[in-house]
Amino acid sequence: MEAPHHQAPATVLKITVNSPEQMGELGRRLAATLRPGDLVMLTGELGAGKTTLTRGLGEGLGVRGAVTSPTFVIARVHPPLGAGPALVHVDAYRLGGGLDEMEDLDLDVSLPDSVVVVEWGDGKVEELSDDRLHVVIDRAVGDTTDEVREVTLTGLGQRWADADLAALSA
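Residues numbered from 1 in each chain as written. Predicted model: local features only at pLDDT ≥ 70, side-chain atom pairs only at ≥ 80, totals over all residues. Heavy atoms only, no water.

Side note on the packing of aromatic side chains
Note on aromatic pairs: each is described by the distance of the centres and the angle between the planes.
For step 1, the next point in the chain: Counted according to the given criterion, the structure contains zero aromatic pairs.
For step 2, the next point in the chain: Over the aromatic face of Trp160 sits the side chain of Arg159, whose NZ or CZ is 4.0 Å from the ring centroid. (Phe/Tyr/Trp six-rings, centres within 6.5 Å; stacked < 30°, edge-to-face > 60°. Lys NZ or Arg CZ within 6 Å of the ring centre and 35° of its normal.)

A few points about the sheet that holds strand E7 (residues 149-156)
For step 1, the next point in the chain: Within the open sheet, the seven strands sit side by side as E1-E7-E6-E2-E5-E4-E3. Their pairing is mixed. Unpaired on one side and paired on the other, strand E1 (10-17) and strand E3 (75-78) mark the two borders of the sheet. Between one strand axis and the next, the sheet turns through 15° on average, direction left out of account.
For step 2, the next point in the chain: Bridge count between strand E6 (residues 132-139) and E7: eight bridges; the pairing is antiparallel. Paired with Val135 across the bridge in E7 is Leu153.
For step 3, the next point in the chain: Its contacts with the sheet place helix H1 (residues 20-33) against E1, E6 and E7, and it is angled at close to 150° to E1.
For step 4, the next point in the chain: Sheet strands touched by helix H2 (residues 50-61): strand E2 (39-43), strand E4 (86-91), strand E5 (114-119) and E6. Its angle to E5, the strand with the most contacts, is close to 170°. (Pairing = 2+ DSSP bridges. Helix = DSSP H or I, 4+ residues; strand = E, 2+ residues; numbered from the N terminus. Axes fitted to C-alpha atoms, helices over the stretch in contact; angles between N-to-C directions. Contact = heavy atoms within 4.5 Å.)

Honestly, it's all geometry; don't read function into it.
See the structure below:
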């Protein structure tokens, strides 16, 4: 199936992550590139490292509260400790209706002023924003230690057209 031609260009970066520590570090580096209003979609199987990445992101953003998987609360808001944006961590696994249901969550936070990270958001939250960073975490093929991950970051839309994602692989 061909993508519609009106879609903004995508910026793609692939990174190999060798350990949970490196995944957290990637999250911290990613936090430095994020701005209020950014939407980050995380895709990866259970145990792939989505929450580890988000935890690093939270540390990098300097938000309050331990970042844990929001599976049972659907969404958790981590207010900033300083001047930065809040982190809204959403688990869309059980969200059927996508955006409308997200708004129904009444998150007590302005999404445009926050960094929103959504796990399991494929097909559910794309309409939140044309500009989004899609992070796909895959177990490395043939990896026997079970620690190595291939992380593919795809920046969609104008917001990410000029972003220097390559700095993340430093």
